[in-house]
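For reference, the chains in residue letters:
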Amino acid sequence: MATHQYDKSQMAQWIHNLPKAELHLHLEGAIPLGALWELIQKYGGDPSTPTKEALRGRLTYDTFPDFIETWIWKNGFLRTYDDFQFIAKAIAEDLLRQNILYAEMFFSPSRFSEHGLTTKGLAQAIRSGFDKVAGVELWLIADLVRDHGPIRAEQTLEEAADAREFGIVGVGMGGSEHLHPPKPFAKVYAEARRLGFKTSVHAGEAAGPQSVWGALQDLEVDRIGHATRAREDIALLEHLEKEATPLELCPLSNVATGVIPSYKDHPVHQYWQHGLNITINTDDPGMFHNHLTDEYMGLMDHFHFAPDDIRQLILNACECSWRPTNGPQPSLTKQFQSHPNWKLPQ
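Once a new chain begins, its residue numbering starts again from 1 and follows that chain's sequence as written. Two thresholds apply to this predicted model, a pLDDT of at least 70 for residue-level local features and 80 or more for giving and counting side-chain atom pairs, whereas whole-chain, interface and lining totals are computed over all residues. For the side-chain quantities, the full set of heavy atoms in the structure was used; hydrogens and water were omitted.

Asker: If you had to explain the overall build of the chain to someone new, which residues and values would you point to?
Answerer: Here a helix means four or more residues in a row that DSSP labels H or I, a strand means two or more in a row labelled E, and each is numbered from the N terminus. A count of helical and extended segments in the chain gives 16 helices and eight strands. Compactness check: the chain gives a C-alpha radius of gyration of 19 Å against a globular reference of 20 Å for 346 residues, within 12% of the reference. If you line up the chain on its principal axes, its C-alpha atoms span 55 × 45 × 45 Å. Evaluated residue by residue, the chain yields a buried proportion of 57% over its 346 residues. The contact criterion used is simple: two residues touch if any of their non-hydrogen atoms lie within 4.5 Å. Across the chain, every contact between residues at least 6 apart in sequence was considered, and the portion connecting residues at least 24 apart equals 76%. In short, Shrake-Rupley with a 1.4 Å probe defines the accessible areas, and a residue's cover is counted only from the protein chains shown. When the accessible surface of the chain is split by element, carbon and sulfur atoms take 50% of a total near 13,800 Å². When the 31 positive and 45 negative side-chain charges of the chain are each reduced to one mean point, those points stand 3 Å apart. For this measure, only C-alpha atoms enter the radius of gyration; the expected value for a globule follows 2.2 Å times N^0.38, where N is the number of residues. Accessible area is worked out with a 1.4 Å probe on protein chains only. A residue is then buried under 20% of its type maximum, exposed over 50%, and partly exposed in between. Residues counted as positive are Lys and Arg, residues counted as negative are Asp and Glu, and His and the chain ends are not counted. In plain terms, the charge of a residue is placed at NZ if it is Lys, CZ if Arg, CG if Asp and CD if Glu.

Structure follows, in structure tokens:
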């Protein structure tokens, strides 16, 4: 179905109304602007952001390291369990407003241990915030944070295993990929698999295809986040296609952090044509000012994805999700396909 048959505003509304799912979403990066502003004011404000508009401007980045620096600055306003309960509720409400009915969300416990916050305490506080919002299903992924090293990652993994009751279904690893390759974390990932956790890692975002190979061969992950530089290695693309490895693509994030120079340079269309198992995600929407509808509209505007392609990408996310199977409930795919807004635009 050709997208040019539809008015752009009509298509945006159709995508907004569709039930959607996210697999690559960072809790600390998804804080709505208003909620982050409230947190900053709670702690006495910050001279670099005297107004909410100044805060929006502060959340722009020239390079990936610049983004990481801003990420750490923003985390400085998350100091108590109440803060995490507050942002969890605000994020869940924001997802529901967008008709994102299912999401798996990274949280980074080791970044907040300096405030005396534990993995279990954080997971409990986050779950408490989520539970205040009905209509959206949310699961947690513990970020092992490669910057803090394998020993700290082992500790986070052990703590996550003790906090499963709050909905932790897997582990991932973000941070400064260009400084910390996958291989030193192989033992941690092997233990995660032994414990029954699903696994993901950011790879091929701020480092080359060798990082993606490392994710596959050393960490043996279930999914890969970003993988934008996998396109530099044809053998790698063929491997990803053959194994149907789920990729958590985040196009607008990659442009915002400068790892991709412009949207038209993003490999998402190449991967789609190559038959790779891709999903579309926002990554850090509170820091990039993007919504999932914007992500899908970008695919239609720049690469001429059709409405049925958009629905297939959503179903890819459903099929690649780590949602635990609990008895006779229908699959996420069936739930979405039976949703009243699943129909194609008229």
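Asker: How would you summarise the sheet that holds strand β4 (residues 168-172) if you had to cite specific residues and measurements?
Answerer: Only strands joined by at least two bridges in the DSSP assignment are considered to pair. With parallel pairing, eight strands are arranged side by side in an open sheet as β1-β2-β3-β4-β5-β6-β7-β8. Each edge of the open sheet is held by one strand with a lone partner, namely β1 (20-26) and β8 (278-280). Strand-to-strand twist across the sheet, computed as the mean angle between neighbouring axes with direction ignored, equals 25°. Pairing analysis gives four bridges linking strand β3 (residues 137-143) to β4, with the strands arranged parallel. The residue of β4 that forms the bridge with Asp143 is Gly172. Whenever a helix is involved, its axis is fitted only over the stretch in contact; in every case the axis is a line through C-alpha atoms, and angles between N-to-C directions fall within 0 to 180 degrees.

Asker: Describe the state of the cysteines, listing the residues and the values that go with them.
Answerer: Cysteine sulfur atoms are paired as a disulfide whenever they come within 2.5 Å of each other. Under the defined criterion, the tally for this structure stands at zero disulfides. Cys318 forms no disulfide, and the closest cysteine sulfur to it belongs to Cys320, at a distance of 9.4 Å. The class for Cys318 is buried, based on a relative accessible area of 5%. When its relative accessible area of 9% is taken as the criterion, Cys320 is described as buried.

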